[in-house]
Amino acid sequence: MIIKNAKVFTDGCRFVKKDLVIRDGRIVFGAAPQENEEVLDAKGNYALPGLVDIHFHGAVGHDFCDADEAGLQAIADFEASKGVLAICPATMTFSEEILNGIMDVAAAHKNEHGADLVGINMEGPYISPKKVGAQNPKYVMATNAEMFRRLQARSGGLIKLVDVAPEEPGNMDFIKECHDEVRISIAHTCTDYDTAKEAFAAGATHMTHLYNAMPGITHRAPGPIIAALEEGAEVELITDNVHIHPAMVRFTFNTFGDDHVILIADSMMACGLPDGQYSLGGQAVTVRGRRATLTEQEGTIAGSATCLFDCMKRAVQEMGVPLESAVRAATLNPARSIGVDADYGSLEAGRWGNVVLVDDQLNIQTVVRHGEVL
């Protein structure tokens, strides 16, 4: 396939008008046209890399933690239709027994169509019981390196991120012991500035859904957010225009830099469906518009009902984030953060031919997966 007349997002994180050539599912440059090669005229549209979501829970009535292959495939197909072509879904806080089933389904999944399953984000159960958010407090536990290794083996090495509240007893030791085996993210935490600094020094590199389920910034207690800034951590942002005020989104891009920000959806099973009653981690959730909350705790946000593409679009159109910065934060940065950037997250030679063509209003025109139009 040749995609012509597009404004292509390059690794320099800018748009350049050039042709994209895809052979055997991969992007190549400098190749001569072949006989009977499919030509796709992009008509001046933007060509974005396929988006990479490293933190979401489900969509279209299915949850990753259902441990159901048909549900996982339905999620993958929906995400691909929305331009998200690589997924690293998140678990919830559960027992090892329940997590085992989730790992088994993920390990057996074949990336034959839809978004490719490229990893697992283990969001629980090593979190603070005081900052559970929409997680189930019943299953919160201290870190356990051997448990993590059993789960990792069961998943076939798919676990890319493990979330940890570093202030909980024993959790700092886990960071020190396991940071060379998996990326460690500070999450669902009551940690102060000094403990967060210690956690980054011990090997943590990531912050889960920044600002949510963690202490904020004050002038006498700067907290983990300032520690993350000083240590050059990568930070996730949910830009559904529910979780974070647009001014704080701009503040984050301006202070951390667009090379350290990762857009995530944190979507739950209601994504792609109308308002109603749903569930997350075994707890009832009510969805009204963009807002998903625990049914029994209306003040507790329970993930989002927005896919990553729409989060990226809102960051640009409703929050004042430059297009190039938002695209980078939804493609290249997340791919690098979990170590899959040799295959995903950019339109450079050798990567999968995953391309999303959008118009000037960021409406999806065409999605190309592995060189084939969906």
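An account of the accompanying structure is given in this report.

What counts as what
- Residues numbered from 1 in each chain as written.
- Predicted model: local features only at pLDDT ≥ 70, side-chain atom pairs only at ≥ 80, totals over all residues.
- Heavy atoms only, no water.
- Buried < 20%, exposed > 50% of the residue type's maximum accessible area, 1.4 Å probe, protein only.
- Helix = DSSP H or I, 4+ residues; strand = E, 2+ residues; numbered from the N terminus.
- Right-handed = clockwise from strand over helix to strand, strands pointing away.
- Pairing = 2+ DSSP bridges.
- Axes fitted to C-alpha atoms, helices over the stretch in contact; angles between N-to-C directions.
- Parallel < 35°, antiparallel > 145°, perpendicular 65-115°, else oblique.
- Left-handed = near helix turned anticlockwise from the far one by under 90°.
- Contact = heavy atoms within 4.5 Å.
- Nonpolar A, V, L, I, M, F, W, Y, C, P; charged D, E, K, R; others polar.

Let us now look at the pairing of strand 15 (residues 234–238). Most of strand 15 is tucked away: five of the five residues are buried. Of the crossover connections in this fold, the one passing from strand 14 (residues 206–207) over helix 6 (residues 223–231) to the parallel strand 15 is right-handed. The sheet contact formed by strand 15 and strand 16 (residues 261–264) spans four bridges and is parallel. Note that in strand 16 the partner of isoleucine 238 across the bridge is isoleucine 264. With respect to chirality, the unit in which strand 15 leads through helix 7 (residues 246–256) into the neighbouring parallel strand 16 is right-handed.

Another aspect to go through is the packing of helix 2 (residues 96–108) against helix 3 (residues 145–155). Closest axis-to-axis distance for the helix 2/helix 3 pair is 8 Å, and the angle between their directions is 25 degrees. One element, helix 2, and the other, helix 3, form an angle in the roughly parallel class. As for how helix 2 packs across helix 3, the hand of that crossing is right-handed. Seen from helix 2, the contacting residues are Glu96, Leu99, Asn100, Met103, Asp104 and Ala107; seen from helix 3, they are Met147, Arg150, Leu151, Arg154 and Ser155. Among the residues making up the contact of helix 2 with helix 3, the classes are represented as five nonpolar, two polar and four charged.

This paragraph deals with the pairing of strand 21 (residues 355–358). Here strand 21 shows a buried face lined by Val355 and Leu357 and a second buried face lined by Val356 and Val358. In terms of strand pairing, strand 5 (residues 46–49) meets strand 21 through four bridges, oriented antiparallel. The partner of tyrosine 46 across the bridge, within strand 21, is valine 358. Where strand 21 meets strand 22 (residues 364–369), four bridges bridge the pair, whose relative direction is antiparallel. Bridge pairing links leucine 357 to threonine 366 in strand 22. Linking strand 21 back to strand 22 in an antiparallel pair, the connection comprises five residues, with leucine 362 at a positive phi of about 60 degrees.

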